Amino acid sequence: RDGSFRRYRFAKSLTLWGFDRATWLATIASGTGRPVPKRTRRIENDTFLHLSIHPEADATQHLDLLISDLAGETFPTAVASGAFCVELHALGRADHLVVFVDCARLADRALRHPECDNARAFLQRVSSVKHNPKSLHVQIVFSRWDYIIRHADRAAHERFLDATQADFTKRFGASFGTLNFRRIAARPENGAH
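K.L.:
Outline the sheet that holds strand 5 (residues 137-143), listing residues and values.
P.N.:
What the three strands build is an open sheet, ordered 4-5-6; its pairing is parallel. Pairing within the sheet leaves two strands with one partner each, and these edge strands are strand 4 (96-102) and strand 6 (178-184). Neighbour-to-neighbour, the strand axes of the sheet open up by a mean angle of 20°, direction not taken into account. Note that strand 5 and strand 6 share seven bridges and pair parallel. From the neighbouring strand, Val 141 faces strand 6, where its bridge partner is Arg 182. Against the sheet, helix 6 (residues 112-129) makes contact with strand 4 and strand 5, and its axis sits at roughly 165° relative to strand 4, the strand it touches most. Of the strands in this sheet, strand 5 and strand 6 are in contact with helix 8 (residues 154-172), which crosses strand 6 at around 165°.

Structure follows, in structure tokens:
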């Protein structure tokens, strides 16, 4: 919103209202005490938000992005059904796919394996239904990283995540155009990222 993002600038959007609706409850102006973004509904699975950006150095070279935000409730159905994945037009047309893996669940020894298993199963499903999986660039984001860095057993959890990342690379590194990993803290406190 301040006009810059890693050498790119905002050019325009045909769906500013969509971005505003999605983020309204995370703003001070909404009057909420804590930022609580609105959840995506299943009916929105095949809708897109538009964003146009340009390199800082050349305002004439616009890059148009169509962003689909699949509802979290869609994920179990997508893992369970190849036919459902085929019907997701957003998935069929995607050039980039971002899969979020929740570190709050990874920090819980009872929930960590189902979380990783679901992400693996989803990526296997995507590689089997995508006509040309080599054209798809995949980012796996370990979200809410602050749950790991603040945990009393941080080192053990980081080793688990390193092993998980190595497993994903072994299984899917050759399946997609690119496979990258990110670790992002949701709401870092005390400057921890």
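K.L.:
Go over the environment of Gln 139 with me, naming the residues and quoting the values.
P.N.:
On the secondary structure map, Gln 139 appears in strand 5. When the C-alpha atoms of Gln 139 and Arg 182 are compared, they prove to be 7.3 Å apart, with 43 residues separating the residues in sequence. If near-sequence neighbours (up to four positions away) are discounted, Gln 139 is found in contact with Leu 97, Val 98, Val 99, Asn 180 and Arg 182.

K.L.:
Explain the packing of helix 6 against helix 8 residue by residue, including any values.
P.N.:
Contact geometry of helix 6 with helix 8 gives a least axis separation of 11 Å together with a crossing angle of 20°. In this view, helix 6 runs roughly parallel relative to helix 8, as classed from their interaxial angle. For the element pair helix 6 and helix 8, the recorded crossing hand is right-handed. Two secondary-structure elements touch here, helix 6 through Arg 112, His 113, Cys 116, Ala 119, Arg 120, Leu 123 and Gln 124 and helix 8 through His 157, Phe 160, Thr 164, Asp 167, Phe 168, Arg 171 and Phe 172.

K.L.:
Before we move on, could you go through the nonpolar core and cite the residues and values that matter?
P.N.:
Counting 31 residues, the largest nonpolar core has Leu 97, Leu 106, Leu 123, Val 138, Ile 140, Phe 142 and Leu 161 as its most contacted members. Broken down by secondary-structure element, the contributors of at least two residues to this core are helix 2 (74-80), strand 4, helix 5 (103-106), helix 6, strand 5, helix 7 (146-149), helix 8 and strand 6. Element by element, the count of residues in this core is highest for helix 6, at five residues. Residues within four places of Leu 123 in sequence aside, it is in contact with Leu 97, Val 99, Val 138, Ile 140, Phe 168, Phe 172 and Phe 176.

K.L.:
Residues and numbers for the side chain of Asp 102, please.
P.N.:
Along the chain, Asp 102 falls in strand 4. Looking at Asp 102, its side chain comes within polar contact range of the side chain of Arg 144, at 2.7 Å. Those residues in contact with Asp 102 that sit more than four places away from it in its chain are Glu 115, Ser 143 and Arg 144.

Calculation notes
- Residues numbered from 1 in each chain as written.
- Predicted model: local features only at pLDDT ≥ 70, side-chain atom pairs only at ≥ 80, totals over all residues.
- Heavy atoms only, no water.
- Pairing = 2+ DSSP bridges.
- Helix = DSSP H or I, 4+ residues; strand = E, 2+ residues; numbered from the N terminus.
- Axes fitted to C-alpha atoms, helices over the stretch in contact; angles between N-to-C directions.
- Contact = heavy atoms within 4.5 Å.
- Parallel < 35°, antiparallel > 145°, perpendicular 65-115°, else oblique.
- Left-handed = near helix turned anticlockwise from the far one by under 90°.
- Core = buried A, V, L, I, M, F, W, Y, C linked by side-chain atoms within 4.5 Å.
- Buried < 20%, exposed > 50% of the residue type's maximum accessible area, 1.4 Å probe, protein only.
- Polar contact = N/O pair within 3.5 Å; in protein donor to acceptor, adjacent residues only side chain to side chain.

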